[in-house]
Amino acid sequence: MLAAVALVVGVLALPSPAGAATGDRYDTAALLATEAFPDGANLALVASGEDYPDALAAAPLAAALDAPILLTRTTTVPPATLTALTDLGVADVILLGGTAAISNTVFNTLAGGPWQVSRYAGEAPATTTVRVYFANEAMGDPCGEVFGVERQVVGPAVATAALAELLRGPTEAERGAGYSSWFSSATEGYLNSVSVADGLARADFRDFSGIIPNASTACGSAALLASLDATLTQFSTVDTTRYSFDGSETAFYEWLQRDVPS
């Protein structure tokens, strides 16, 4: 934790952009982020480089979330920051501070990139609408066709939040409308982690095979995978998926009587 605070203080103590010919604080923050996260990062925090309180206050959050802190100007995003976000393969970006620190112009610039953007500004974080996908026999083949229903989630990691919602299963009202799933209140909370890098989403679960053993049938596994895949690939940063039980892909795919994807 002290290292994270010292790092932020060091970056912000560098000369201001107006007084630095090269290697300003924005470049330095980007360099530190890419060196500290050589395998990329699913989440990045972006704070003002023109005033220090938000970036300094973000250090404990960055440490807890294992996320880099990048810097921006009030009205423009430095090229080094954009490059770092791309190089890190970030899926979610949190802006730290209100519009006086980071303008809506910066928000909209970042929102045009291949990541989800949210803002923390001393108030409850805004919700994001995502879709989770279930079978519905009245709409299509239950052995692989799935259909989205909307859920409201709180960022920053919306892919993780969407998958957590999926594991809760359909609501009572959704079941009344014909939606069905292997997932239910029995599997709620079984998500360990989600990571996204280079278009590949990896989701790791606590082993729920004993809760829904019949999902290992041909129809059952097709429905379960379709539900997981559709929920993750709704995000522009996800092209392909892989799943595991407590770190073991073999355990997950053998349960479904399928080969581990190559």
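Residues numbered from 1 in each chain as written. Predicted model: local features only at pLDDT ≥ 70, side-chain atom pairs only at ≥ 80, totals over all residues. Heavy atoms only, no water.

J.: Teacher, can you tell me more about the sheet that holds strand β2 (residues 69–72) here?
T.: Each strand in a sheet pairs with its neighbour through backbone hydrogen bonds, running either in the same direction (parallel) or in the opposite one (antiparallel). Here four strands make up an open sheet; going across it, the order is β2-β1-β3-β4 and the pairing parallel. Of all the strands in the sheet, the pair left with one neighbour each is β2 and β4 (116–120). Neighbouring strand axes in the sheet, compared pairwise and without regard to direction, differ in orientation by 30° on average. Bridge analysis of strand β1 (residues 43–48) against β2 gives four bridges, and the strand direction is parallel. (Pairing = 2+ DSSP bridges. Helix = DSSP H or I, 4+ residues; strand = E, 2+ residues; numbered from the N terminus. Axes fitted to C-alpha atoms, helices over the stretch in contact; angles between N-to-C directions.)

J.: What is the right way to look at the side chain of Ser-227 in this model?
T.: Mapped onto the elements of the fold, Ser-227 is located in helix α8 (residues 218–233). Setting aside chain neighbours within four positions, we find Ser-227 in contact with Tyr-133, Phe-134, Val-146, Leu-166 and Phe-183. (Contact = heavy atoms within 4.5 Å.)

J.: I would appreciate a short explanation of the sheet that holds strand β7 (residues 179–180) in the present structure.
T.: Read across the open sheet, the three strands follow the order β6-β5-β7; overall the sheet is antiparallel. At either margin of the open sheet sits one strand with a lone partner, and together these are β6 (147–154) and β7. Inspection of the sheet shows strand β5 (residues 127–136) paired to β6 by eight bridges, in the antiparallel sense. By the bridge assignment for β6, Tyr-133 is matched with Gly-148. Contacts between helix α6 (residues 158–167) and the sheet are confined to β5 and β6, with β5 contributing the most and set at about 40° to the helix.

J.: When you look at the environment of Asp-66 in this model, what are you seeing that I'm missing?
T.: Residue placement: Asp-66 occurs in the loop between α3 (53–65) and β2. Measuring from C-alpha to C-alpha, the distance between Asp-66 and Ala-41 comes to 8.2 Å, with 25 residues separating the pair along the chain.

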